[in-house]
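Notes for the structure review
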Amino acid sequence: MAPKVIENGVHLILGGARSGKSKFAEDMVIAAGGGTYIATGRAWDDEMADRIAHHKQRRGPLWATIEEPHDLCGVLERLDQQSEGPVLVDCLTLWLTNLMIGEHDIEAEIERLCALLPRLALPVLLVSNEVGFGIVPENAMARAFRDHAGRLHQRIAALSRQVTLVVVGIPMSVK
Amino acid sequence: MAPKVIENGVHLILGGARSGKSKFAEDMVIAAGGGTYIATGRAWDDEMADRIAHHKQRRGPLWATIEEPHDLCGVLERLDQQSEGPVLVDCLTLWLTNLMIGEHDIEAEIERLCALLPRLALPVLLVSNEVGFGIVPENAMARAFRDHAGRLHQRIAALSRQVTLVVVGIPMSVK
Amino acid sequence: MAPKVIENGVHLILGGARSGKSKFAEDMVIAAGGGTYIATGRAWDDEMADRIAHHKQRRGPLWATIEEPHDLCGVLERLDQQSEGPVLVDCLTLWLTNLMIGEHDIEAEIERLCALLPRLALPVLLVSNEVGFGIVPENAMARAFRDHAGRLHQRIAALSRQVTLVVVGIPMSVK
């Protein structure tokens, strides 16, 4: 069977925790014959290490994997010059978490990403957690994170060719 | 007016807290002339007792009610041999909570339920809470619960004939 | 360009935190040539003051602004006799928070609002936070708030001409 072509441009794939958003994105890239996986997550504890191992095991051999917790833009720029296949970033919320923990300039990094994405020739699938549908968190850092994530998602959605919300494993088209 | 027939197979009805998901499911069964209600909730405090009383009062006389906090599969198997009417399970998230509190083998119970559901002749409506759209909880048990619920929902959704997300009392079709 | 007319009746606009729900509602009123903005939020700390200032700055000159943390019904009744333009209430969840903090009779206030809304000749846009898609909060006041908000949203949705869920800045039609 001929691989399905993934269209150029950005596809934002949102979902809640354990919604099947990563699997949905991975299946798209696998159906297209594989691609590059940019893992933004860092194994800072056993729970996280388990998650990363679980994701890696599921992906199998069609992937080149790059682990990059902070410099997402740098990796995307390099890939855009080297390859043609689709790139899957999993996920934006972990990247944002790493930027907050590392005390990076988050607004500047978001600007940089939003300026870069429309210029890429590569098809890019961006996976991210929708985290704003609960009660206001008591923790100030969690509130700040939620605000950053919401603004980032709005910016990315506006420049995306396609936005999908994955609910219990099933994709709902948002844009 | 002739009662509306509910199709065979599984209908997963998801919603947030106070979204109207139970009422939507109950109204479907009432329109079909009634059925069996499996309540998985346990009145472990006054708040919960109030919720259960509120639900019971709303349901009225068209229902046979079975209270079963753990052995959901056993009850469904028995009902499948005894009756033809629809069965409403309210809700999967409380069943999962009871399994966690009772230190049952959750993965095994989920496997058992997912193996059983496609074999039932009864129409089954499963109500459950979507809990994964907020910030990562600080409490490890809450994180584990969220993971179990998400995986359970994906499994059930994959085998369901119909999946509905209830938002502010209004059903949105997901599958 | 002729301003877009906003239809009479109630339009409930829901979204998560930083979902773009306020901006979506504001843009509708701006496209209609402006209207009255009822701000229910109170600057009880610096974080809140920043949010209010940010919203005000974005709105610009097409608006009359009324700040009213509690007596939303009184303001709507007065406006209905004085003006014809659309009214935007931002937001119901802050109004509910103010009622809880002020120990008002919340059920009575919700009844009053739901009795009033269908009688208004004005187009009314009500912005509110969907807060029920996370884990059950550990804090009892947060649980009570979530219950009030969910019931309020269901009541308002039932009487609304239109219900929109804003996801990452993009409106999804619910009703």
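Everything that follows concerns the structure shown earlier in this document.
Residues numbered from 1 in each chain as written. Chains lettered and ligands numbered in written order. Predicted model: local features only at pLDDT ≥ 70, side-chain atom pairs only at ≥ 80, totals over all residues. Heavy atoms only, no water.

Residue and element names in this part refer to chain C. It is the contact of helix H4 (residues 92-101) with helix H5 (residues 106-116), at a shortest axis distance of 10 Å, that shows an interaxial angle of 145 degrees. By crossing handedness, the relation of H4 to H5 is classed as right-handed. Within the contact between the two elements, H4 uses Leu92, Trp95, Leu96, Leu99 and Met100 and H5 uses Ile106, Glu109, Ile110 and Leu113. Partitioned by chemical class, the residues of the contact of H4 with H5 number eight nonpolar, no polar and one charged. (Axes fitted to C-alpha atoms, helices over the stretch in contact; angles between N-to-C directions. Helix = DSSP H or I, 4+ residues; strand = E, 2+ residues; numbered from the N terminus. Left-handed = near helix turned anticlockwise from the far one by under 90°. Contact = heavy atoms within 4.5 Å. Nonpolar A, V, L, I, M, F, W, Y, C, P; charged D, E, K, R; others polar.)

Superposing chain C onto chain A requires a rotation of 120 degrees together with a translation of 0.0 Å along the rotation axis, leaving an RMSD of 0.0 Å. Between the two chains, the operation in question is that of a three-fold axis. Residue Gly134 of chain C of chain C places its C-alpha closer to the rotation axis than any other residue of that unit, at 2.6 Å. (Least-squares fit on C-alpha atoms with pLDDT ≥ 70 in both.)

Both the distance between ring centres and the angle between the ring planes are used here to describe each pair of aromatic rings. Considering all chains together, one arrives at six aromatic pairs over all chains under this definition. Ring geometry for Tyr37 of chain B and Trp63 of chain B: centres 5.7 Å apart, planes at 85 degrees, overall edge-to-face. Separated by 26 residues along the polypeptide, Tyr37 of chain B in strand E2 (residues 35-39) and Trp63 of chain B in strand E3 (residues 63-67) bring together distant segments of the chain. Take Tyr37 of chain B: its relative accessible area is 3%, and that puts it in the buried class. Ring plane angle 80 degrees and centroid distance 5.9 Å describe the contact between Phe133 of chain B and Phe133 of chain C, whose orientation is recorded as edge-to-face. Remark: Phe133 of chain C occurs in the loop between strand E5 (123-129) and helix H6 (140-159) and Phe133 of chain B occurs in the loop between strand E5 (123-129) and helix H6 (140-159); the pair is interchain, linking two chains. (Phe/Tyr/Trp six-rings, centres within 6.5 Å; stacked < 30°, edge-to-face > 60°. Buried < 20%, exposed > 50% of the residue type's maximum accessible area, 1.4 Å probe, protein only.)

Next up on the list: the interface of chain A and chain B. Opposite the 25 residues of chain A that make contact, chain B presents 19 residues. At the boundary of chain A with chain B, total buried surface from both sides reaches about 1,800 Å², with 64% on carbon and sulfur atoms. There are one salt bridge connecting chain A and chain B. As a salt-bridge pair, Asp147 of chain B and Arg18 of chain A come within 3.6 Å of each other at their nearest N and O atoms. The set of elements that each furnish at least two residues to the side of chain A that touches chain B consists of helix H2 (46-59), helix H6 (140-159), strand E6 (162-167) and strand E7 (170-173) of chain A. The residue inventory of the side of chain A that touches chain B, partitioned by class, reads 12 nonpolar, eight polar and five charged. (Buried area = accessible area lost by both parts, 1.4 Å probe. Salt bridge = Lys/Arg side-chain N within 4 Å of Asp/Glu carboxyl O.)

Backbone geometry follows two general trends: most residues other than glycine have a negative phi, and most peptide bonds adopt the trans configuration. For the bond from Asp90 of chain B to Cys91 of chain B, the omega torsion is 5 degrees, close enough to zero to count as cis. Looking at the element boundaries, Cys91 of chain B is found in the loop between strand E4 (87-90) and helix H4 (92-101). With a phi angle near 40 degrees, Val168 of chain A is a residue other than glycine that sits in the positive phi range. Locating Val168 of chain A in the fold gives a position in the loop between E6 and E7. The backbone of Arg18 of chain B shows a phi angle near 50 degrees, a positive value even though the residue is not glycine. For Arg18 of chain B, the position within the fold is in the loop between strand E1 (9-15) and helix H1 (21-31). Its relative accessible area of 18% is what places Arg18 of chain B among the buried residues.

Okay, the interface of chain C and chain A next. Facing 24 residues of chain C, the contacting portion of chain A comprises 19 residues. For the pair chain C and chain A, the two sides together bury roughly 1,800 Å², of which 64% comes from carbon and sulfur. Across the contact surface, chain C and chain A share one salt bridge. The interface formed by chain C and chain A includes five residue pairs in polar contact (both at pLDDT 80 or more). When contributions to the side of chain C that touches chain A are tallied by element, the ones reaching two or more residues are helix H2 (46-59), H6, strand E6 (162-167) and strand E7 (170-173) of chain C. In terms of residue count, the dominant contributor to the side of chain C that touches chain A is H6 of chain C (three residues). Looking at the side of chain C that touches chain A residue by residue, the class counts come to 11 nonpolar, eight polar and five charged. (Polar contact = N/O pair within 3.5 Å; in protein donor to acceptor, adjacent residues only side chain to side chain.)

Take H6 of chain B next. All names here are of chain B. In this model H6 runs 29 Å from its N-terminal to its C-terminal C-alpha over 20 residues, within 8% of the 28 Å that 1.5 Å per residue would give. Taken together, the buried positions of H6 are Ala142, Arg143, Phe145, Arg146, Asp147, His148, Ala149, Gly150, Leu152, His153, Ile156 and Ala157. With a side-chain oxygen lying 2.8 Å from the backbone nitrogen of Met141, the N-terminal cap of H6 falls on Asn139. (Expected span 1.5 Å × (residues − 1).)

This part covers the sheet that holds E5 of chain C. Residue and element names in this part refer to chain C. What the seven strands build is an open sheet, ordered E3-E2-E4-E5-E1-E6-E7; its pairing is mixed. If you trace the sheet from one side to the other, it starts and ends with strand E3 (63-67) and E7, each paired once. Neighbour-to-neighbour, the strand axes of this sheet turn through a mean angle of 25 degrees, independent of strand direction. This element, H2, spans strand E2 (35-39), E3 and strand E4 (87-90) of the sheet and lies at about 160 degrees to E3. (Pairing = 2+ DSSP bridges.)

The next point concerns the relation of the copies chain A and chain B. Screw-axis analysis of chain A against chain B gives a translation of 0.0 Å along the axis, an RMSD of 0.0 Å, and a rotation angle of 120 degrees. By residue overlap, the copies meet through two different surfaces: only 20% of the interface positions of chain A are interface positions in chain B.

Residue and element names in this part refer to chain A. In the structure shown here, the tally under the stated rule is 21 salt bridges over all chains. Residue Glu77 pairs with Arg119 through a salt bridge whose shortest N-O separation is 3.8 Å. On the criterion of sequence distance, the pair formed by Glu77 in helix H3 (residues 72-82) and Arg119 in the loop between helix H5 (106-116) and strand E5 (123-129) is long-range, its members being 42 residues apart. Residue classification places Glu77 among the partly exposed positions, given a relative accessible area of 35%. Three or more residues joined by partner-sharing salt bridges are found here, namely Asp71, Glu109 and Arg112.

Residue and element names in this part refer to chain B. In spatial order, the strands read E3-E2-E4-E5-E1-E6-E7; together these seven strands make up an open sheet with mixed pairing. The open sheet has two free edges, formed respectively by E3 and strand E7 (170-173), since each of these has just one partner strand. Across the sheet, the mean angle from the axis of one strand to that of its neighbour is 25 degrees, orientation sign disregarded. Where strand E6 (residues 162-167) lies against E7, four bridges are found, and the strand directions are antiparallel. Bridge pairing links Leu165 to Met172 in E7. Lying over the sheet, H6 contacts E1, E5 and E6, oriented at roughly 140 degrees with respect to E1.

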